Amino acid sequence: MKLRPLADRVIVKRVESETKTASGIFIPDNAAEKPDQGEVVAVGPGRRDEDGDRIEMSVKVGDRVLFGKYSGQTVKVDGDELLVMKEDDLFAVVEK
């Protein structure tokens, strides 16, 4: 199954969080928090303004983004856990 987001929605795949702290302590899976970073895997066409003109999205596929802990709706597609959220739910793009 392939997802195509509508309007100003994006599909994000969470990046794996570190399982070891800086001091070398391993964190068990059940104690680790879900990461608040992910990679954009699909982008909608953008929303429309009052005049009906399309507003271009400011993120693109492949961008690494920050989002809130409880942002988006979780969906499972082909065994992968993805988040579907509005572009407004994203906080920032992580520059490399």
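Structure shown above.
Reference entry: report on the structure contained in this document. Computed from a predicted structure; not experimentally measured.

Our next topic: the pattern of salt bridges. Counted under the stated rule, the structure contains 3 salt bridges. The closest approach of N and O atoms between D8 and K86, which form a salt bridge, is 3.8 Å. A residue pair is termed long-range when its members are at least 10 positions apart, and D8 in the segment before β1 (9–14) and K86 in strand β5 (residues 80–86) qualify at 78 residues.

Okay, the pairing of β5 next. Judged from the 5 bridges that link them, β1 and β5 form a sheet pairing that is antiparallel. What sits directly across from V10, in β5, is M85. Where strand β4 (residues 73–77) and β5 come together, 5 bridges link them in antiparallel fashion. Within β5, the residue paired with V75 across the bridge is L82.

Moving on, we come to the sheet that holds strand β2 (residues 37–43). Judged by pairing direction, the sheet is antiparallel, and its 6 strands sit side by side in the order β4-β5-β1-β2-β3-β6 without closing on themselves. A single partner strand is all that each edge strand has here, and the edge strands are β4 and β6 (90–93). Put simply, the sheet's adjacent strands are angled 45 degrees from each other on average, direction ignored. Bridging between strand β3 (residues 64–67) and β6 involves 3 bridges; their strand directions are antiparallel. If you follow V65 over to β6, its bridge partner there is V93.

Further remarks concern unusual backbone geometry. Not every positive phi belongs to a glycine, and A7 is a case in point at roughly 50 degrees. Topologically, A7 is positioned in the segment before β1. With a relative accessible area of 28%, A7 lands in the partly exposed category. For D78, which is not glycine, the phi dihedral falls at a positive 50 degrees. Looking at the element boundaries, D78 is found in the loop between β4 and β5. For D78, a relative accessible area of 63% translates into the label exposed.

How each quantity is defined
Residues numbered from 1 in each chain as written. Predicted model: local features only at pLDDT ≥ 70, side-chain atom pairs only at ≥ 80, totals over all residues. Heavy atoms only, no water. Salt bridge = Lys/Arg side-chain N within 4 Å of Asp/Glu carboxyl O. Helix = DSSP H or I, 4+ residues; strand = E, 2+ residues; numbered from the N terminus. Pairing = 2+ DSSP bridges. Axes fitted to C-alpha atoms, helices over the stretch in contact; angles between N-to-C directions. Buried < 20%, exposed > 50% of the residue type's maximum accessible area, 1.4 Å probe, protein only.

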